[in-house]
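Coordinate inspection notes
If you want the building blocks of each chain, they are given just below.
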Amino acid sequence: MAHSKGLYDEKITILNRKDVTTEHGAKKGTDYVPDGNPVWASVDYLRGRRAMMEASVDVLDAYLVKTAYHERLNEHSRILWHGNTYYIVNLKMNKKRNEAQFEMHQQA
């Protein structure tokens, strides 16, 4: 089922590495910077047994994010939301249905 646009009530900023170079097959970048304008998304706490099992000392907050498909979004991106930076886990994107879903975790 496609995401309803009415659910998108938060603005998040996609951060990507600038000056990416390839060294020995690994991509390296200097800093994460905003990649375009903020996008609308639905952000909700990650709940349930799975969230409790994944909880660890180095993860402060975990959220489930749903948004429209964005070419700039990838598993190496970071998310800036309410002044905090989060990394992406379990990214699922569907260009045909114009939707993306992922978990974001704040690292200590």
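What you are looking at is a predicted structure, and each value in this text was computed from that prediction instead of being measured.

Next up on the list: the overall build of the protein chain. Helix and strand content of the protein chain: one helix and nine strands. What you see in the protein chain, going N to C, is helices and strands ordered as β-β-β-β-β-α-β-β-β-β. When the 108 residues of the protein chain are sorted by exposure, 30% land in the buried category. Taking the contacts inside the protein chain whose residues are at least 6 apart along the sequence as the reference set, 59% of them involve residues at least 24 apart.

All right, on to the pattern of salt bridges then. For the structure shown, the criterion picks out two salt bridges. Between Lys 95 and Glu 71 there is a salt bridge, and its shortest N-O distance comes to 3.2 Å. Here Lys 95 is found in the loop between strand E8 (84-94) and strand E9 (99-107), whereas its partner Glu 71 is found in the loop between strand E6 (59-67) and strand E7 (78-81), with 24 residues between them in sequence. Comparing Lys 95 with Glu 71, the two get one shared label, exposed.

Per-residue confidence for the protein chain gives a mean pLDDT of 82, with 73% of residues at or over 70. No element of the protein chain has a lower mean pLDDT than helix H1 (residues 49-54), which averages 58, and none a higher one than E7, which averages 95.

The next subject is the nonpolar core. The tendency in soluble globular proteins is for nonpolar side chains to be buried side by side. Core analysis: the biggest nonpolar cluster contains 15 residues, and Ile 12, Ile 79, Trp 81, Phe 102 and Met 104 have the highest contact counts within it. Going through the elements one at a time, strand E1 (10-17), strand E5 (39-45), E6, E7, E8 and E9 are the ones with two or more residues in this core.

Attention shifts here to the environment of Ile 79. You can see Ile 79 is positioned in strand E7. Accessibility expressed as a relative area gives 0% for Ile 79, which makes it buried. Here the alpha-carbon distance between Ile 79 and Leu 15, two residues 64 residues apart in the chain, equals 5.7 Å. For Ile 79, the contacting residues outside a window of four places in its chain are Ile 12, Thr 13, Ile 14, Leu 15, Leu 73, Asn 84, Thr 85, Tyr 86, Ile 88, Phe 102 and Met 104.

Attention now goes to unusual backbone geometry. Most peptide bonds take the trans configuration, and most residues that are not glycine carry a negative phi. With a phi close to 55°, Asn 90 is a non-glycine residue in the positive phi region. Looking at the secondary structure, you find Asn 90 in strand E8. A relative accessible area of 37% places Asn 90 in the partly exposed class. A positive phi angle, close to 55°, is found at Asn 98, a residue other than glycine.

Reading the values: rules and limits
Residues numbered from 1 in each chain as written. Predicted model: local features only at pLDDT ≥ 70, side-chain atom pairs only at ≥ 80, totals over all residues. Heavy atoms only, no water. Helix = DSSP H or I, 4+ residues; strand = E, 2+ residues; numbered from the N terminus. Buried < 20%, exposed > 50% of the residue type's maximum accessible area, 1.4 Å probe, protein only. Contact = heavy atoms within 4.5 Å. Salt bridge = Lys/Arg side-chain N within 4 Å of Asp/Glu carboxyl O. pLDDT = per-residue confidence, 0-100. Core = buried A, V, L, I, M, F, W, Y, C linked by side-chain atoms within 4.5 Å.

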